[in-house]
Amino acid sequence: MNQITSVPSGKIQGASSQLFANHPGYQRMFRPNELTLGLFLPQKFYQGDMNVMEGQSDLVVQADKYGFAAVWVRDVPLFDPSFGDAGQLFDPFTYLAYLSAKTKSISLATGSAIFTLRHPIDLAKAATTIDQISGGRLVLGIASGDRPIEFPAYGIDFEQRGKRFADTVTYFRQLMKDGYLNINSALGGFTGAELLPKPVFGAIPLIVTGASRQSLDWIAEYADGWLTYPEPTHNSAGPRRLAEKIKAWRGLLPENEFRPHMTNDWIDLVEDPNFPRTPLRGGFTLKTGRNGLIDLLHEWKEAGVNHAALGIHFSERPAQEILQEMAEYVLPHFPSHVGVSPLEAKW
């Protein structure tokens, strides 16, 4: 019989890259001083018609074959018209399970799972299941949430989301431990039980998004990586500001310890390869040709970014056409990392 492990209620620190040395999802995306590319779903902006999702999984399969590092899905429980974005519509965990069965190597990432709106046991059960059936390809971007309508719908105090987020991270990590557990948390507890299945390689990376109502010191101590918004992308001033933010965060990490930084942007990639970087929608979308995109990605790399997730749902051109152009002209500059293969899943 497994021994009961007493798990303290204190926070469990984030980990250096050494913990994830054999984790296929993490290793495909992250290396010091390198940048890889991911694709942010959905491929088309939802405007009341579910048919925009048609063929999207085929696009993900193609991205896997092209060699993109990751596919990212969003977590939007309720569509608030005043917020104006329904995400990729499907539940992120259910959808990633579906995509894991259709792909072989691409990392499966959430951007981001709202940790405050779900119980950590349910989060852990879904996450470890996907990790197992994908052979260790899951990377969890996590956040405290920013859509006020969702919190009362769940019966959760919007103003307390920062504390609940931190408590959920701790509880989630406690559940990853081997053996029968003794957990005491503000979110619940139990004695003499164990969460199954466990992650394939012992842990699942938790990438904190934005501040998630935490201090920079907290993020440096407890996050396995950091996903932040990119600052303005139409000129070099934004990447320089991003570099300062990354430097400040990395300055709080233990000496010589690598943890990855990620950013993302919505792009409208036009046919003219030399079309200049032009901000749209108040700067939330970047219209550019592929050469402008390549320049931006190099600037991000120099700033210390290790992975860039690009969303194309505001683009005018067909998604397949954009993906093919990025695979042919952009991806060779920022190839995915190889060396750790996903565990063969025989389920």
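Just so you know, these numbers come straight off a predicted model, no measurement behind them. (Residues numbered from 1 in each chain as written. Predicted model: local features only at pLDDT ≥ 70, side-chain atom pairs only at ≥ 80, totals over all residues. Heavy atoms only, no water.)

1. What about the overall build of the chain?
Piece 1. What the chain contains, in helices and strands, is 10 helices and 13 strands.
Piece 2. Taken along the three principal axes of its C-alpha coordinates, the chain extends 65 × 45 × 45 Å.
Piece 3. Out of the 347 residues belonging to the chain, those deemed buried represent 56%.
Piece 4. For the chain, restricting intrachain contacts to residue pairs at least 6 apart in sequence, the fraction spanning at least 24 positions comes to 73%.
Piece 5. Surface exposure of the chain reaches about 14800 Å², of which carbon and sulfur atoms provide 50%.
Piece 6. In the chain, 32 positive and 37 negative side-chain charges are present, and the distance between their average locations comes to 3 Å. (Helix = DSSP H or I, 4+ residues; strand = E, 2+ residues; numbered from the N terminus. Buried < 20%, exposed > 50% of the residue type's maximum accessible area, 1.4 Å probe, protein only. Contact = heavy atoms within 4.5 Å. Areas by Shrake-Rupley, 256 points an atom, 1.4 Å probe, with all protein chains shown as cover. Lys, Arg positive; Asp, Glu negative; His and termini not counted. Charge placed at Lys NZ, Arg CZ, Asp CG, Glu CD.)

2. Quick word on the layout of surface pockets
Piece 1. Taken as a whole, the largest pocket holds about 920 Å³ of empty space.
Piece 2. Lining the largest pocket we find 37 residues, and of these R74, D146, Y229, N264 and W266 sit closest to its centre.
Piece 3. Secondary structure elements with two or more residues in the lining of the largest pocket: strand 4 (107–114) and strand 10 (261–269).
Piece 4. For the lining of the largest pocket, a count of residues per class yields 13 nonpolar, 15 polar and nine charged.
Piece 5. Of the volumes computed, that of the second largest pocket is approximately 210 Å³. (1 Å grid on protein atoms, 1.4 Å probe; cavity = no way out; pocket = protein on both sides within 12 Å on 5 of 7 lines; lining within 4 Å. Points joined across faces, edges and corners; volume = space filled by probe spheres on them. Nonpolar A, V, L, I, M, F, W, Y, C, P; charged D, E, K, R; others polar.)

3. Looking at the side chain of R147
Piece 1. The topology assignment puts R147 in the loop between strand 5 (138–143) and helix 5 (150–154).
Piece 2. The buried charged residue R147 lacks any salt bridge partner; its closest oppositely charged side chain belongs to D85, at an N-O distance of 4.1 Å.
Piece 3. Here the side chain of R147 touches D85 through a polar contact of 2.6 Å, landing on its backbone oxygen.
Piece 4. Each residue touching R147, except ones within four places of it in the same chain, is listed here: R74, V76, L78, F83, D85 and F158. (Salt bridge = Lys/Arg side-chain N within 4 Å of Asp/Glu carboxyl O. Polar contact = N/O pair within 3.5 Å; in protein donor to acceptor, adjacent residues only side chain to side chain.)

4. Points about the environment of I12
Piece 1. Inspection of the secondary structure assignment puts I12 in the loop between strand 1 (4–7) and helix 1 (24–29).
Piece 2. Residues I12 and V270 lie 258 residues apart in sequence; the distance between their C-alpha atoms is 45 Å.
Piece 3. Setting aside residues up to four positions removed in sequence, I12 forms contacts with T170, R173, Q174, K177 and Y222.

5. Focus on the pattern of salt bridges
Pairing of side chains with opposite charge becomes possible as their charged atoms draw close.
Piece 1. Scanning the model with the defined rule gives 13 salt bridges in all.
Piece 2. The partner of D85 in a salt bridge is R74, and the shortest N-O contact between them spans 2.4 Å. With D85 in the loop between strand 3 (70–73) and helix 3 (92–102) and R74 in the loop between strand 3 and helix 3, the pair connects residues that are 11 residues apart, well separated along the chain.
Piece 3. Assessed through its relative accessible area of 13%, R74 is described here as buried.

6. Comments concerning the pairing of strand 2 (residues 36–40)
Within a regular strand, side chains alternate between the sheet's two faces.
Piece 1. The element strand 2 is extensively covered by neighbouring structure, given that five of its five residues are classed as buried.
Piece 2. Side chains T36, G38 and F40 project from strand 2 onto one buried face, and the interleaved L37 and L39 project onto a second face that is buried too.
Piece 3. Summarising the sheet, strand 2 and strand 13 (residues 307–311) pair through five bridges and their orientation is parallel. Residue pairing in the sheet places F40 in a bridge with G311 of strand 13. (Pairing = 2+ DSSP bridges.)

7. Brief notes about the packing of helix 9 (residues 290–303) against helix 10 (residues 319–330)
Helix packing geometry: the angle between the two helix axes and the distance between the axes.
Piece 1. It is at 11 Å that the axes of helix 9 and helix 10 come closest, and there the two elements cross at 60°. Judged by the angle between their axes, helix 9 and helix 10 are oblique. Here helix 9 and helix 10 pass one another in a crossing that is right-handed. Here helix 9 contributes R290, L293, I294 and L297 to the contact with helix 10, which in turn contributes E325, M326, Y329 and V330.
Piece 2. Partitioning the contact of helix 9 with helix 10 into residue classes produces six nonpolar, no polar and two charged. (Axes fitted to C-alpha atoms, helices over the stretch in contact; angles between N-to-C directions. Parallel < 35°, antiparallel > 145°, perpendicular 65-115°, else oblique. Left-handed = near helix turned anticlockwise from the far one by under 90°.)

8. A short note on the nonpolar core
Piece 1. Membership of the largest hydrophobic core comes to 71 residues, with the highest contact counts inside it found for L37, F115, L140 and M326.
Piece 2. A70, A109, V139 and A309 belong to the second largest nonpolar core, which has 18 residues in total. (Core = buried A, V, L, I, M, F, W, Y, C linked by side-chain atoms within 4.5 Å.)

9. A few points about helix 3
Residues separated by three or four positions in an α-helix point in the same direction, a consequence of the helix having 3.6 residues per turn.
Piece 1. Of the residues making up helix 3, those classed as buried are P92, F93, Y95, L96, L99 and S100. Projected down its long axis, helix 3 shows its buried positions confined to an angular sector of 155°, all on one face. Facing away from the buried side of helix 3 by more than 90 degrees, the exposed set consists of T94 and A101.
Piece 2. Residues of helix 3 that are buried sit in contact with helix 2 (56–66), strand 3, strand 4, helix 4 (120–133) and strand 5.
Piece 3. Backbone nitrogen of F93 and a side-chain oxygen of the N-cap are separated by 3.1 Å at the start of helix 3; the cap is D91. (Arc of directions from axis to C-beta.)

10. Notes on the packing of aromatic side chains
The relation between two aromatic rings is expressed through the spacing of the ring centres and the mutual angle of the planes.
Piece 1. Applying the stated criterion across every chain, the model contains 14 aromatic pairs.
Piece 2. With centroids separated by 5.5 Å and ring planes inclined at 50°, the aromatic side chains of W226 and W249 adopt a geometry described as tilted. Note that W226 is positioned in strand 9 (residues 225–227) and W249 in helix 8 (residues 237–250), a separation of 23 residues in sequence.
Piece 3. Judged by relative accessible area, which is 5%, W226 ranks as buried.
Piece 4. Following the ring pairs from residue to residue traces out a cluster consisting of F115, F165, F172, W218 and Y222.
Piece 5. It is R161 that lies over the ring of F158; its NZ or CZ is 3.7 Å from the centre.
Piece 6. The lysine or arginine in question, R290, covers the ring of Y329, its NZ or CZ lying 3.7 Å from the ring centre. (Phe/Tyr/Trp six-rings, centres within 6.5 Å; stacked < 30°, edge-to-face > 60°. Lys NZ or Arg CZ within 6 Å of the ring centre and 35° of its normal.)

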